[in-house]
Amino acid sequence: MNQMELSVPYDNGYEPEDYMLQEDEWDRDLLLDPAWEKQQRKTFTAWCNSHLRKAGTQIENIEEDFRNGLKLMLLLEVISGERLPKPDRGKMRFHKIANVNKALEFITSKGVKLVSIGAEEIVDGNVKMTLGMIWTIILRFAIQDISVEETSAKEGLLLWCQRKTAPYRNVNVQNFHVSWKNGLALCALIHRHRPELIDFQNLKDDPLGNLNLAFDIAEKHLDIPKMLDAEDILNTPKPDERAIMTYVSCFYHAFAGAEQAETAANRICKILGVNQENEKLMEDYERLASELLEWIRRTIPWLENRVAEKTMVEMQRKLEDFRDYRRMHKPPKVQEKCQLEISFNTLQTKLRISNRPAFMPSEGKMVSDIASAWQGLEQAEKGYEEWLLTEIRRLERLDHLAEKFRQKATNHETWASGKEEILSQKDYESASLMEVRALLRKHEAFESDLSAHQDRVEQIAAIAQELNELDYHDVASVNQRCQNICDLWDQLGTLTQKRREALERTEKLLETVEQLFLEYAKRSAPFNNWMEGAMEDLQDMFIVHTIEEVQTLIAAHEQFKATLPEADAERQAILGIQQEVLKISQSYGIHGDLTNPYRTITTEEIAIKWDKVKKLVPQRDSALQEELARQHGNERLRRQFAAQANLIGPWIQTRMEEIGRCSMAMEGTLEDQMTQLKQFEHVIVSYKQNIDRLEGDHQLIQESLIFDNKHTNYTMEHIRVGWELLLTTIARTINEIETQILTRDAKGISQEQMNEFRSSFNHFDRRHHKARVEERGKLRPDEFKACLFSLGHLGNDKQKKNRAMDSDDFRACLISMGYDLGEVEFARIMMLVDPNTTGVVSFQSFIDFMTRETADTDTAEQVIASFRILAADKPYILTDELRRELPPDQAEYCISRMPPYSGPGALPGALDYTAFSTALYGESDL
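Throughout what follows, the structure given in this document is the object of discussion.

The rules behind each value
Residues numbered from 1 in each chain as written. Predicted model: local features only at pLDDT ≥ 70, side-chain atom pairs only at ≥ 80, totals over all residues. Heavy atoms only, no water. Phe/Tyr/Trp six-rings, centres within 6.5 Å; stacked < 30°, edge-to-face > 60°. Helix = DSSP H or I, 4+ residues; strand = E, 2+ residues; numbered from the N terminus. Buried < 20%, exposed > 50% of the residue type's maximum accessible area, 1.4 Å probe, protein only. Lys NZ or Arg CZ within 6 Å of the ring centre and 35° of its normal. Salt bridge = Lys/Arg side-chain N within 4 Å of Asp/Glu carboxyl O. Contact = heavy atoms within 4.5 Å. Core = buried A, V, L, I, M, F, W, Y, C linked by side-chain atoms within 4.5 Å.

## Brief notes about the packing of aromatic side chains
Counted by the stated rule, this structure contains 23 aromatic pairs. Judged by centre distance (5.1 Å) and plane angle (80 degrees), the rings of Tyr-247 and Phe-251 are edge-to-face. One end of the pair, Tyr-247, and the other, Phe-251, are both in helix α12 (residues 241-256), four residues apart, so they sit about a helical turn from each other. What makes Tyr-247 buried here is its relative accessible area of 1%. Classification of Phe-251 by relative accessible area gives buried; the value is 0%. Ring pairs connect the aromatic residues Phe-215, Tyr-247, Phe-251 and Phe-255, which therefore count as one cluster. Arg-140 extends its terminal NZ or CZ atom over the ring of Phe-141, reaching a point 5.1 Å from the ring centre. For Lys-419, the ring lying beneath its charged end belongs to Trp-415, and the centroid distance is 5.1 Å.

Below, the structure written as structure tokens:
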């Protein structure tokens, strides 16, 4: 129980702010009128005698009869039902002081802190001190426990009077002074509960008569002694509140017993309604959690499947499926996860407010379990897109290498076709000298051609090796073809060597060879090889990703074009050899077969290939320019994406900071903060179209196989994560404000108090200026302890205004409120505000702690007491009694859940309301 603090009455007779509300302003001269003292003397004397007569005694003079402390101790024993220490029977002053001190110590033991009221003043007959002490006793034992709809003391008694007199004309109870002067309020209270005692309809506008009528009926029929004088009330501008409250409280206690059953039934209905609503929220949470966890369980294996497809088309289909997942399937689940956390927090807040145990979801369905599963999903998702793009790039490279392998292999196979048969011929055996020499020179030309093809064979083998290393899907056929080419190449080398040896043996028998034909053959073969190589290069596929790479290819092509005049000169020189042969033949009249036996290519073939080279040059120019244009288009896509991303990224960060500032702000009410957050939420939802547009640009970039972007540091993944975090943050912040509003309204916290809590909390949240938005609003234990020490609301008004209290003042303040912040006590408080030992205290936990121990919440004992009233003090209750006292749905709810009563003397069908009430505040089975 929190201790009450009561100081010595001031000269005007009014109590401290802790117990009395501020009333209307009155003329200062009236406050000096001793009328209040006269009224309190009579009222307090009558009140004391109403209890002392039970012990066979009474008092006549209130300041004289309590001076020795004996009747004061007797009064406390009667009203409390407890025994006080044995009084001192001596008549000396110190005996009287000892007795009064025993009485004051007993009052203090009941949770009342007496300030400046000492035994000496009571023994000396100080009337103001004596009246103040009796008022303290009346407050503690007659008024303090009065409660109506979660109000207490004066407010509860005033609300009770207002409700009971509301139906009566000319009765308007607003206070405990002028509202009672015409006597109608007292008559209305009597008529409302005992209508046979008074004819209210025929009462006249006679304040004196009405007051005396009420006093007489109360004394005669209700056993309420006459504590007031009608004349004193009427002749005083403002009757004494303490006297009126004391007298009216006697009516409350006289009539309150008749309303116990109604009050008990109302309390039970309220508690059961809260339980039913909480159980519905628990069921919804379980269902949503199961659905989300099942979706995560199905999705993770799909994301973890990193088995690459063999073709580009299949891998691009996988990439498109992943895009659909990010755009369409995951965003709704992000919202579901956020809503699930919000629902869980709201449910826990409602359970705390209704003094219920925290909700414990089924095994594996805690918020932490869902967060862990979600983290697993994101870990599986992380790198999946990068793996897809890497595989697509690898397959693109493989396709290019495979095509290059096929071209080179085809050209080489075309060249090698028939060479084995030629090298295996033995035509030199029957040839003439000239024919043998021609065969030898032709073989030399072939060897030159064979040597020129060595690089091509090595290139083919190198490409095949690279395809093997990159795990090309059709690598078996590549290996087989490469092996065939290598085997044939080895065979050609062996046959070439054998044929040369045979021709050289025959050459000794031959002497003359036409040098010009040989020169033609030697020069035409390399030139032919150069043209074939040039055609291969001009038709070679290329893969580039930047403008610079295309420009490098264009520069290389320009260098090649610069060599064409030199090649054309070589071509004309080779053709000139053939022209020179014709000239010699014509000059010397040579007639016979002028076919060059050594040549491997004719002039016509040279002309055809040269024309093809000249046609391929502009085609290569066109292809490179097209690729340059495509790369310029890719660069535009990069810049277009970067322009939006460089705006969206800072925009998201700015909104996060605005939300953080709004959640920590103290200007205005919580509803103002909620309005501002709703406006932020509207702006964020409206901004979604920019994210979608950026997603479209990102898709175009991926379809164009663009893998980097130097114009921005933001990737689509960064934007997605930031956007999802922004949506989650605004939803969580709105939920926090809603929870604070719910807590404030349920706990009766004023906006000023809420601002005071927030100010103290923000002051000690020293890290929030540097932390990320999602990490703000958390206090470490040392900060939380310092915050508790800084809060002035724990003391009186003077302490509230002076927040820089020294340690002794603050410790005295805490002791007066029942707190002791030693290490053990502080550890207990930390267990309340940080049950999961995270090491930080949130603002919501801070508010819960500041309001929990003074809140008027229902308990299992209160519910049991209410059921006992309905059950006519039996330890069990019957179904008929439940259906008679409770609404149908509430009654059936109890009947379906109450276990049978197994105690002695139970009737058939008796139900155990004690076990049921205890279960309401135990662990949930859901």
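## Re the pattern of salt bridges
In total, this model carries 54 salt bridges according to the counting rule given. The partner of Glu-724 in a salt bridge is Lys-330, with the nearest N and O atoms 3.8 Å apart. One end of the pair, Glu-724, is in helix α27 (residues 716-747); the other, Lys-330, is in helix α14 (residues 312-353), with 394 residues separating them in the sequence. Assessed through its relative accessible area of 2%, Lys-330 is described here as buried. Within the structure, one salt-bridge network assembled from shared partners comprises Arg-326, Lys-330, Glu-381, Glu-695, Glu-717, Arg-720 and Glu-724.

## Thoughts on the side chain of Gln-631
Relative to the elements of secondary structure, Gln-631 occurs in helix α24 (residues 603-664). Other than its neighbours up to four places away in sequence, Gln-631 contacts Val-544, His-545, Thr-546, Ile-547 and Val-550.

## Remarks on the nonpolar core
One finds Trp-47, Ile-134, Ile-137, Phe-176, Trp-180, Tyr-247 and Phe-251 to be the most contacted residues of the largest nonpolar core, which totals 79 residues. No other element matches the eleven residues that helix α7 (residues 127-143) contributes to this core. If you look at the next biggest cluster of nonpolar residues, it comprises 44 residues, including Met-282, Leu-395, Ala-409 and Ile-463.

## Structural notes on the environment of Glu-420
As for its placement among the helices and strands, Glu-420 is situated in helix α17 (residues 419-424). For the pair Glu-420 and Leu-495, spaced 75 residues apart in sequence, the C-alpha to C-alpha distance is 7.4 Å. Non-local contacts of Glu-420, meaning those with residues more than four positions away in its chain, are made with Leu-488, Gln-491, Leu-492 and Leu-495.

## As for the environment of Ala-373
Position of Ala-373 among the secondary structure elements: in helix α15 (residues 367-381). Between the C-alpha atoms of Ala-373 and Arg-297, which are 76 residues apart in sequence, the distance is 8.2 Å.

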